[in-house]
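Single-letter residue listing:
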Amino acid sequence: MLRKTLLAAFCASAVLTLAMPAAAAQTQQLKSEEGTVEVTTVVKGLEHPWSVAFLPDQQGMLVTERAGNLRRVSPDGQLSAPLNGVPEVWAKGQGGLLDVVLSPDFKQDRTVYLSYAEAGDDGKAGTAVGRGQLSEDLQSLKNFNVIFRQQPKLSTGNHFGSRLVFDRDGYLFITLGENNERPTAQDLDKLQGKIVRIYPDGKVPDDNPFVGQANVRPEIWSYGVRNPQGAALNPWNGTLWENEHGPRGGDELNIIERSKNYGWPLATHGINYSGAPIPEAGGKTAEGTLGPFHVWEVSPGLSGMAFYDGDRFKAWQRNVFIGALVSRNLIRLELEGDKVVHEERLLGELGERIRDVRQGPDGFLYVLTDDDDGALYKVGLK
């Protein structure tokens, strides 16, 4: 029987203080509605970093670089050489090494999960997920093996997704882009434009909604999504939240439910980049589909997402933070229950594309910037 393990409990048990040496730390103070925001540089020199995961016992963090490197950032901000044992990735366009998460039982099994773009036989690629064990010296992944492959492989460089989220029961959810092949998001015999649910070893649970149906991929949990680059588990009720890029306009925040169709490309608030309508869309809604929980008519370019449930900053409690690549800021959403009641844009003064945001075990937010010389910042309220 699958162990019920709360990721939040795991993080809370990992006491990590990312204190930078006074001589090395660079701190900026920015204004916000809730007071002064302090932004401290943890490390720079990252090549298009994509995701960050916190190691327990003051061992620092793991950071993916899209070009294919997995690096460790020490508690004092030192950047390691690339770790050995990482799979070869298809680093073209939006493809490369993407998400990184730790097993809910990491202290026992030392397992690290990676999502990445994987090459096919015809020059195209798809999203893959694998896992390996972090060595005791923190320098390599051992016994890395692939547990999931997006099929068929259709991407020429666009819309891979992908975020990895463990739920309270230990199931692994993977968000998958539609590879810029719009109709595939509605095709249940393909894994494009889907959110899938698997066991940690890649096996398909018998209670997935489409198991046993002819010409339907059994991994599918829900479908009709476009390019989901942010996902997180709501720590207060255990629901999976996902955000995705719209086309030109219409970025979405969705609460993911079993077997539901989220509409792409039959319904959208956006248009093609050319200015023409989306050919398959009949409007902002479509019969038999769920509309977005929250929508941005002008696309911020949504990316990583984190719920704030820490005690350090009371003003941020029960807020959601989302990185924005196009508008180059960090979006803060205030919630009342499952309703967005207010939005604030933070960190705009930095002028940087925010790729990922996570709450650290120390109660600070940590954000990654998407650049040739990307940075990891620690963010808090003064």
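All values reported here derive from a predicted model rather than from experimental measurement.

Reading the values: rules and limits
- Residues numbered from 1 in each chain as written.
- Predicted model: local features only at pLDDT ≥ 70, side-chain atom pairs only at ≥ 80, totals over all residues.
- Heavy atoms only, no water.
- Helix = DSSP H or I, 4+ residues; strand = E, 2+ residues; numbered from the N terminus.
- Rg over C-alpha atoms; globule rule 2.2 N^0.38 Å.
- Buried < 20%, exposed > 50% of the residue type's maximum accessible area, 1.4 Å probe, protein only.
- Areas by Shrake-Rupley, 256 points an atom, 1.4 Å probe, with all protein chains shown as cover.
- Lys, Arg positive; Asp, Glu negative; His and termini not counted.
- Charge placed at Lys NZ, Arg CZ, Asp CG, Glu CD.
- UniProt positions renumbered as here; feature names shortened; annotations may be inferred.
- Phe/Tyr/Trp six-rings, centres within 6.5 Å; stacked < 30°, edge-to-face > 60°.
- Lys NZ or Arg CZ within 6 Å of the ring centre and 35° of its normal.
- Core = buried A, V, L, I, M, F, W, Y, C linked by side-chain atoms within 4.5 Å.
- Contact = heavy atoms within 4.5 Å.
- Pairing = 2+ DSSP bridges.
- Axes fitted to C-alpha atoms, helices over the stretch in contact; angles between N-to-C directions.
- Polar contact = N/O pair within 3.5 Å; in protein donor to acceptor, adjacent residues only side chain to side chain.

1. Here we look at the overall build of the protein
Move 1: Along the protein, the regular secondary structure elements total 2 helices and 24 strands.
Move 2: Relative to a compact globule of 382 residues, whose C-alpha radius of gyration would be 21 Å, the protein shows 19 Å and is just as compact.
Move 3: Referenced to the eigenvectors of the C-alpha coordinate spread, the extents of the protein come out at roughly 60 × 45 × 40 Å.
Move 4: For the protein, the residues scored as buried account for 59% of the 382 residues in total.
Move 5: When the accessible surface of the protein is totalled, it reaches about 15,100 Å², and 45% of it is carbon and sulfur.
Move 6: Taken as two groups, the 40 positive and 49 negative side-chain charges of the protein have centres that lie 1 Å from each other.

2. Remarks on the UniProt feature "domain: Glucose/Sorbosone dehydrogenase" (unreviewed entry) in the protein
Move 1: Within this structure's numbering, the places UniProt gives as "domain: Glucose/Sorbosone dehydrogenase" (unreviewed entry) are residues 46-378.
Move 2: Along residues 46-378 the backbone is 1% helical and 41% strand, and the end-to-end C-alpha distance reaches 15 Å.

3. Thoughts on the packing of aromatic side chains
Move 1: Counting across every chain of the model gives 15 aromatic pairs.
Move 2: A ring pair is formed by W236 and F307, whose centres lie 5.6 Å apart and whose planes are at 85 degrees; its orientation type is edge-to-face. You can see W236 sitting in the loop between β14 (228-233) and β15 (240-244) and its partner F307 sitting in strand β18 (residues 302-308), a full 71 residues away along the chain.
Move 3: Look at W236 and you get partly exposed, because its relative accessible area is 28%.
Move 4: Lying across the ring of Y171, R197 places its NZ or CZ 3.8 Å from the centre.
Move 5: Residue placement shows R318 over the ring face of W236; its charged tip is 4.3 Å from the ring centre.

4. Let's talk about the nonpolar core
Move 1: Of all hydrophobic cores here, the largest spans 32 residues; its most connected members are W316, L330, L347 and V379.
Move 2: Those elements that provide at least two residues to this core are β2 (37-46), β3 (49-54), β4 (61-65), β18, β22 (354-359), β23 (365-369) and β24 (374-381).
Move 3: In this view, L330 contacts F321, I322, G323, E344, R345, L346, L347, I354, V357, L365 and V367; residues no more than four positions away in its chain are not counted.

5. Side note on the sheet that holds strand β21 (residues 339-346)
Move 1: Taken together, the 4 strands give an open sheet; going across it, the order is β18-β19-β20-β21, and neighbouring strands pair in antiparallel fashion. Of all the strands in the sheet, just β18 and β21 have a single pairing partner and so form its edges. Recorded for the sheet is a direction-independent mean angle of 25 degrees between the axes of neighbouring strands.

6. Focus: the sheet that holds β4
The strands making up a sheet associate through backbone hydrogen bonding, with each pair oriented either parallel or antiparallel.
Move 1: Read from one edge to the other, the open sheet built from 3 strands follows the order β3-β4-β5, with strand pairing classed as antiparallel. In this open sheet, the two strands that pair with only one neighbour each are β3 and β5 (69-73). For this sheet, the mean inter-axis angle between neighbouring strands, taken without regard to orientation, is 25 degrees.
Move 2: The pairing of β4 with β5 spans 5 bridges and is classified as antiparallel. Paired with E65 across the strands is N69, a residue of β5.

7. So, the environment of R345
Move 1: With respect to the element layout, R345 can be found in strand β21.
Move 2: According to the relative accessible area criterion, R345 is partly exposed, its value standing at 37%.
Move 3: In the structure, R345 is positioned 22 residues away from G323 in sequence and 9.8 Å away in space, judged by C-alpha atoms.
Move 4: Among residues more than four places away in sequence, those in contact with R345 are W296, P300, S327, N329, L330 and I331.
Move 5: Here the side chain of R345 touches S327 through a polar contact of 3.4 Å, side chain to side chain.
Move 6: In terms of polar contacts, R345 uses its side chain to reach the side chain of E343, at 2.5 Å.

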